[in-house]
Amino acid sequence: MDHDTAVDQIIAGAGGFDTGRFTRPEEVADLVLMLASDRAGNITGADFTIDGGLIKTL
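Model, not experiment: these values are computed from the prediction. (Residues numbered from 1 in each chain as written. Predicted model: local features only at pLDDT ≥ 70, side-chain atom pairs only at ≥ 80, totals over all residues. Heavy atoms only, no water.)

1. Quick word on the overall build of the protein
Across its full length, the protein holds two helices and zero strands. When burial is assessed residue by residue, the protein has 14% of its 58 residues classed as buried. Counting every atom, the protein has about 4,800 Å² of accessible surface; 56% of that belongs to carbon and sulfur. (Helix = DSSP H or I, 4+ residues; strand = E, 2+ residues; numbered from the N terminus. Buried < 20%, exposed > 50% of the residue type's maximum accessible area, 1.4 Å probe, protein only. Areas by Shrake-Rupley, 256 points an atom, 1.4 Å probe, with all protein chains shown as cover.)

This is the structure in structure tokens:
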């Protein structure tokens, strides 16, 4: 089984992702950089789920 087929089967087995792919490490790093920057200086509380839609929320 090739890599792409294995990934597709894992995603399908998890019920699918909204984005259809796993989160890339650089996407997590982008969020961390934004939260550590002055641009997030007025954020006092928030939840950030960066899982491509794997966890179904309201």
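2. Section: the pattern of salt bridges
Tallied over the entire structure, the rule returns two salt bridges. For the salt bridge of Glu27 with Arg24, the shortest nitrogen-to-oxygen distance reads 3.4 Å. The network of salt bridges with shared partners includes Arg24, Glu26 and Glu27. (Salt bridge = Lys/Arg side-chain N within 4 Å of Asp/Glu carboxyl O.)

3. Topic: the environment of Leu35
Assignment of secondary structure puts Leu35 in helix α2 (residues 25-36). Take Leu35: its relative accessible area is 36%, and that puts it in the partly exposed class. Residue contacts for Leu35: discarding those within four places in its chain leaves Ala40, Ile43 and Phe48. (Contact = heavy atoms within 4.5 Å.)

4. Here we look at a nonpolar patch on the surface
Taken together, the side chains of Val28, Val32 and Ile50 present a nonpolar region at the surface, about 210 Å² in accessible area. Judged by relative accessible area, Ile50 falls into the partly exposed class, the value being 33%. (Patch = residues over 30% accessible without salt bridge, like charges linked within 9 Å, V, L, I, M, F, W, Y side chains within 5 Å.)

Nothing here speaks to function; it is all geometry.
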